[in-house]
Amino acid sequence: MARRRLTLLVAAVVVLAPACRSEDPALEIGEPTSSIGATATSTSTTPTTAADQGEIIRVTVASGEVSGVGDRVSVAVGAEVTIIVEADTTDRVHLHGYDLLADVAPGSPATIEFTADLAGVWEVELEDAGQLLFQLEVR
Amino acid sequence: MTPVVLAHGIGTRGDLPLPAWMFAYGAGFAVVASFLLLRLLWPGPRLARAAIGGALGGWTRPAGAAGEAILRTAGLAALAVTVWAAFAGGDTTVDNIAPVALFVAFWVGVQVVSVVLGDVWATANPLDTIAAAIHRVSGRAHEPSAGADHPWGAWPAVATLGAFLWFELAYHDPSSPRAVGTFVVLYSATVLVGAARFGRGWIANGDGFAALFALLGKIGVFHRDDDGQLRMRPPLAGLTTIEPRPGLEALVLVTLGATSFDGMTRTSFWLDVLGSSEGWSATLINTVGLLWVVGIVAALYRAAMWGAAKVVGGDSRALATQFLHALVPIVFAYALAHYFSLLMFEGQTFLALASDPLGRGWDLFGTAHWEINFRLVTTTTIAWVQACAIAGGHVAGVITAHDRAVELYDHRTAVASQVPVLGVMVVYTVGGLLLLLNA
């Protein structure tokens, strides 16, 4: 009896274990193996996709209110992204993770151009005001 | 001031939402595994018998004594550097080691160490070392056990760990080094006053971190017996040796609820609730949210115990105590799923700041120039770790609860009693996956 239970238990583990293997083509993302952090000028090694033609994200901040995008903007890994921020204050726009900064002032929008080659969810904020503009989801 | 988003005290990176198919697979796995295990698991208790484990040889005793001196020194040094940096170092998380030391290296790191190596913190805990010194100087009792049997049980630990979780997840500026320093000093002083008053053993129930890390240490295979002999036992077996005491249920449920709340703060739902509130109004909203989620997690557990009590004809409060140890693996699974990427990425910040803890341009270990390599683990790996942690925690919880049920009841009653218990575990598991799906 005990032996039968053990056999069944082993069988169950074998059947259910594939849930924990670590490679699945549906999820595999062709990320570059370089350990150098992304910069505004880095080029993507990801194969060309439709997203590579460029994503432009426009945000306006007026009296502390953010408009133009929702809480989260999603782009594909490897996309060429341009973030343009217009604000009625003087501040710096900071894209975390990629660690890119651009000055913004009334009448002088901030522009951040980069290749979205770091997957994850990253904050984009007005650095000095500590105000979240949106979350950039790279997937 | 930094906005209260992507919370958990520190870090500006969030995990990608779990792929939908992985959520479905994980949730299905939890349900199927639960009922398969119910049919397949052993008919008599095994874990309690195995809990003492096998001795690892006489050499471990002298090695343990030397290791103890090293651990105590390291613990004291870590506390001293953290407090010193918090007040004397830079103003931000990138030029001051205190926030990343508290939220990442200590809070997440020691949880992992406790499961892998056993309750190392019981020895490394600088508060225990200080309490021992105080008692030696004052000539009062300094046996490690004095004060351990206070009638309040683990409730002081609930209060102190609850204060930390509130500070990390609800307070609006937890990443400020000065706030971290103030918290660490207040926390240490509170625990030490208790230890000075009641005895050194107070720490096991008065220091919330020590109490929780001791519980997590019961999951793993290594432990030291009363003679200081290092022993090895099967995983989960140590959970049967958790001593029931007042407040322990609250300690486990508050921790589980707080991690769930941390997951919820990253959903767009919570961003909408917070809106543009900042400062103390954000703290207030987060506090309500934290209490609310802890309340839900606790109510689910009590409801399941009420159901189980109906089946076996017992008292639901007694059952809540008897099956509590089965939630401990789930507490760790939630922590691993939520904080794995934080440990991997902000852990690198910790190693860099170890060379320059005060942000003064030092380079003690040659790591000061390190920047976070966000390619150390891929988002694919992170998603798998998250799903497997939640699923694995579920299986461990089911096995532990089953073993206790067959110890308490005849086989038929035991299986029947497990239906509500498995029910609440499935809810925790699916809920945990849902939070990851909507991250």
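Just so you know, these numbers come straight off a predicted model, no measurement behind them. (Residues numbered from 1 in each chain as written. Chains lettered and ligands numbered in written order. Predicted model: local features only at pLDDT ≥ 70, side-chain atom pairs only at ≥ 80, totals over all residues.)

**Here we look at the overall build of chain B**
Here is the rule: The secondary structure listing takes helices from DSSP runs of H or I that are at least 4 residues long and strands from runs of E that are at least 2 residues long, numbered from the N terminus. We take the radius of gyration over the C-alpha atoms and set the globule estimate at 2.2 Å times the residue count to the 0.38 power. Note on burial: count the other C-beta atoms lying within 10 Å of the residue's C-beta; 20 or more is buried, 12 or fewer is exposed, in between is partly exposed, and C-beta positions come from the backbone. Residue pairs are scored as contacts if the distance between their C-beta atoms, which are placed from the backbone, is within 7 Å.
Counting secondary structure elements, chain B contains 17 helices and 4 strands. For 439 residues, the compact-globule estimate of 2.2 N^0.38 gives 22 Å, and the C-alpha radius of gyration of chain B, at 22 Å, lies within 12% of that figure. With respect to the principal axes defined by its C-alpha atoms, chain B has extents near 65 × 55 × 35 Å. Considering chain B as a whole, with its 439 residues, one finds that 49% of them fall into the buried category. Looking at chain B alone, contacts between residues at least 24 apart form 81% of all its contacts between residues at least 6 apart.

**Some thoughts on the overall build of chain A**
Summing up its helical and strand segments, chain A has 1 helix and 9 strands in all. Helices and strands in chain A line up, N terminus first, as α-β-β-β-β-β-β-β-β-β. Pairs at least 24 apart in sequence give 63% of the contacts found in chain A among residues at least 6 apart.

**Here's the deal with the pairing of strand β5 (residues 91-95) of chain A**
All names here are of chain A. Condition: For two strands to be treated as a pair, DSSP must find no fewer than two bridges joining them.
Here β5 lies mainly inside the structure; 4 of its 5 residues are buried. In this structure, β5 lies alongside strand β6 (residues 100-104), joined through 5 bridges in antiparallel fashion. Bridge pairing in β6 links Asp91 to Val104. The hairpin turn running from β5 into β6, its antiparallel successor, is 4 residues long, and Gly97 in that turn takes a positive phi close to 80°. Sheet analysis places β5 next to strand β8 (residues 120-126), joined by 3 bridges and oriented antiparallel.

**Examining the sheet that holds strand β2 (residues 54-55) of chain B**
Residue and element names in this part refer to chain B. Across the sheet, which stays open at both edges, the 3 strands sit in the order β2-β4-β3 with antiparallel pairing between neighbours. Strand pairing shows two members of the sheet lacking a second neighbour, β2 and β3 (222-224), which therefore form its edges. Inspection of the sheet shows β2 paired to strand β4 (residues 230-232) by 2 bridges, in the antiparallel sense. Across the sheet, the residue bridging to Gly54 is Met232, located in β4.

**Details of helix α15 (residues 328-354) of chain B**
Residues and elements named next belong to chain B. Where we set the bar: What a helix should span is 1.5 Å times the count of its residues minus one. Given a residue, its bend is the angle between the two axes fitted to the seven residues that end at it and to the seven that start from it.
With 27 residues, α15 extends only 32 Å from end C-alpha to end C-alpha; this falls clearly short of the ideal 39 Å at 1.5 Å per step. Of all the bends in α15, the greatest, near 55°, is centred on Tyr339. With 21 of its 27 residues buried, α15 lies for the most part within the structure.

**Some words on the environment of Val61(A)**
Residues and elements named next belong to chain A. Assignment of secondary structure puts Val61 in strand β1 (residues 55-62). Along the primary structure Val61 and Asp117 are separated by 56 residues, whereas in three dimensions their C-alpha atoms are 27 Å apart. Discounting chain neighbours no more than four positions away, the residues touching Val61 are Val66, Val85, Ala87, Asp88 and Leu126.

**A closer look at the packing of helix α3 (residues 60-88) of chain B against helix α4 (residues 97-117) of chain B**
Residue and element names in this part refer to chain B. Threshold: Axis definition: a line fit to C-alpha positions, over the contact stretch in the case of helices; interaxial angles, taken between N-to-C directions, run 0 to 180 degrees. For classification, angles of less than 35 degrees are called roughly parallel, those exceeding 145 degrees roughly antiparallel, those between 65 and 115 degrees roughly perpendicular, and all remaining angles oblique.
Running from N to C, α3 and α4 cross one another at 135°; their axes reach a closest spacing of 8 Å. When the interaxial angle is binned, α3 and α4 end up oblique. Counting all contacts with α3, which are made through Thr82, Ala85 and Ala86, the residues of α4 involved are Ile97, Ala98, Ala101 and Leu102.

**Topic: the sheet that holds β1(A)**
Residues and elements named next belong to chain A. An order of β2-β1-β4-β7 is seen for the 4 strands of this open sheet, with the pairing classed as mixed. Two strands lie at the open edges of the sheet, namely β2 (65-67) and β7 (110-115), each paired on one side alone. Strand-to-strand, the axes of this sheet are offset by a mean angle of 20°, without reference to chain direction. Alignment of strand β4 (residues 80-87) against β7, held across 6 bridges, turns out to be antiparallel. Bridge pairing in β7 places Ile84 opposite Thr111.

**Concerning the packing of helix α11 (residues 248-264) of chain B against α15(B)**
Residue and element names in this part refer to chain B. Filter applied, for reference: Note on convention: the crossing is left-handed when the near helix lies turned anticlockwise from the far helix by less than a right angle, right-handed when the turn is clockwise.
One can describe the packing of α11 onto α15 by two numbers: an axis separation of 10 Å at closest approach and a directional angle of 25°. Considering their axes alone, α11 and α15 lie roughly parallel with respect to each other. Crossing of α11 over α15 shows left-handed handedness. For the pair formed by α11 and α15, the contact residues are Val252, Thr255, Leu256, Thr259, Ser260, Asp262 and Gly263 on the first element and Val328, Ile330, Val331, Tyr334, Ala335 and His338 on the second.

**Observations concerning the environment of Ser341(B)**
Looking at the element boundaries, Ser341(B) is found in helix α15. If near-sequence neighbours (up to four positions away) are discounted, Ser341(B) is found in contact with Asp15(B) and Ile382(B).

**What to know about the confidence of the model for chain B**
Residues and elements named next belong to chain B. Note the cut-off: Per residue, pLDDT measures the predictor's confidence, with a range of 0 to 100.
Scored by pLDDT, chain B has a mean of 91; 97% of the residues are at 70 or more. In this model, residues 1-7 is a region of pLDDT below 50 whose contacts with residues beyond four sequence positions or in other chains number 26 contacts. Both scores are given for the predicted complex: the pTM is 0.87, the ipTM 0.81.

**Focus on the environment of His338(B)**
Turning to its location among the elements, His338(B) is positioned in helix α15. In this view, His338(B) contacts Thr259(B), Asp262(B) and Gly263(B); residues no more than four positions away in its chain are not counted.

**Some remarks on α4(B)**
All names here are of chain B. For α4, built from 21 residues, the straight-helix expectation of 30 Å at 1.5 Å per residue is missed by more than 12%, its first-to-last C-alpha distance being only 25 Å. For α4, the principal kink sits at Gly109 and spans about 30°. Once α4 finishes, Gly118 follows within two positions and takes phi at roughly 95°, a positive value.

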